[in-house]
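So the chains spell out like this:
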Amino acid sequence: MKSIAWTVATALLVLIVASLVGVVGFHYPNVIENEPLNDPIKVLRVEGNHLHLADSRIIEIQNASDEALTKAIAESDFLVDVEGSGSLVTVHARQDGWVCGTPWAQPIRIPLFADTVYRNRRDLIAIGEFVGSN
């Protein structure tokens, strides 16, 4: 009985040391395809520095180039979050991400513990103000 206890203790010690050294890993990525936008609204079109939204509001953008703004909105499937109701509003878009596997790249992986990783992120793309409605 003592030899079984010593064998189990030795095996656990070897696993712990191997985990600390980075040879054995017990975590694995649980990638979640998320929607980071809180209250998405459709962008109908971008004309110069004006965003025309589906609810007929128009936002005049102050700090973004036309090309970068159009690209960010297109990558977000023409959905944005608009925060603020006064003269200054912020426009956020979804930024599609990817998950790097480096933190889970051990030669031996025993998947016991899931690490939740959200794939997409919310990104500030512009600051502007409401200038009217359609």
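Residues numbered from 1 in each chain as written. Predicted model: local features only at pLDDT ≥ 70, side-chain atom pairs only at ≥ 80, totals over all residues. Heavy atoms only, no water.

Draft legend 1. Structural detail: the overall build of the protein chain. What the protein chain contains, in helices and strands, is two helices and eight strands. Its helices and strands taken in sequence order, the protein chain reads α-β-β-β-β-α-β-β-β-β from the N to the C terminus. On C-alpha atoms alone, the protein chain measures out to a radius of gyration of 24 Å, which is more than a quarter above the 14 Å that the 2.2 N^0.38 rule sets for 134 residues. For the C-alpha atoms alone, the extent of the protein chain along its principal axes is close to 80 × 25 × 20 Å. When the 134 residues of the protein chain are sorted by exposure, 25% land in the buried category. The long-range share in the protein chain, meaning contacts at least 24 apart out of those at least 6 apart in sequence, stands at 72%. Summed over all atoms, the accessible surface of the protein chain reaches about 8600 Å², with 59% contributed by carbon and sulfur. Between the averaged position of the 10 positive side-chain charges in the protein chain and that of its 16 negative side-chain charges there is a distance of 12 Å. (Helix = DSSP H or I, 4+ residues; strand = E, 2+ residues; numbered from the N terminus. Rg over C-alpha atoms; globule rule 2.2 N^0.38 Å. Buried < 20%, exposed > 50% of the residue type's maximum accessible area, 1.4 Å probe, protein only. Contact = heavy atoms within 4.5 Å. Areas by Shrake-Rupley, 256 points an atom, 1.4 Å probe, with all protein chains shown as cover. Lys, Arg positive; Asp, Glu negative; His and termini not counted. Charge placed at Lys NZ, Arg CZ, Asp CG, Glu CD.)

Draft legend 2. Looking closely at helix α2 (residues 66-75). Residues Leu69, Ala72 and Ile73 constitute the buried set of α2. The arc that holds the buried residues of α2, viewed along the axis, is 95 degrees, so those residues lie on one side. Away from the buried face of α2 by more than 90 degrees, exposed residues Glu67 and Lys71 are located. Buried residues in α2 make contact with β2 (41-47), β3 (50-53), β4 (57-61), β5 (79-83), β6 (89-95) and β8 (121-133). (Arc of directions from axis to C-beta.)

Draft legend 3. Expanded view of the pattern of salt bridges. Scanning the model with the defined rule gives nine salt bridges in all. Residue Arg45 is joined to Glu47 by a salt bridge in which the shortest nitrogen-to-oxygen separation is 2.8 Å. Look at Glu47 and you get partly exposed, because its relative accessible area is 41%. Of the charged contacts, one joins Glu75 and Lys71 as a salt bridge, the two residues approaching to 4.0 Å between their closest N and O atoms. Here Glu75 pairs with Lys71, and both are found in helix α2, just four residues apart, close to one helical turn. A relative accessible area of 53% means that Lys71 is categorised as exposed. Within the structure, one salt-bridge network assembled from shared partners comprises Glu35, Asp77, Arg94 and Asp96. (Salt bridge = Lys/Arg side-chain N within 4 Å of Asp/Glu carboxyl O.)

Draft legend 4. View of helix α1 (residues 2-21). Under the 1.5 Å per step criterion, the end-to-end length of α1 is 28 Å for 20 residues, consistent within 8% with the ideal 28 Å. With one of 20 residues buried, α1 lies mostly on the surface of the structure. Phi turns positive, to about 100 degrees, at Gly22, one or two residues after α1. (Expected span 1.5 Å × (residues − 1).)

Draft legend 5. Quick peek at the side chain of His52. Position of His52 among the secondary structure elements: in strand β3. Setting aside residues no more than four positions away along its own chain, His52 makes contact with Lys42, Val43, Leu44, Arg45, Glu47, Arg57, Ile58 and Asn134.

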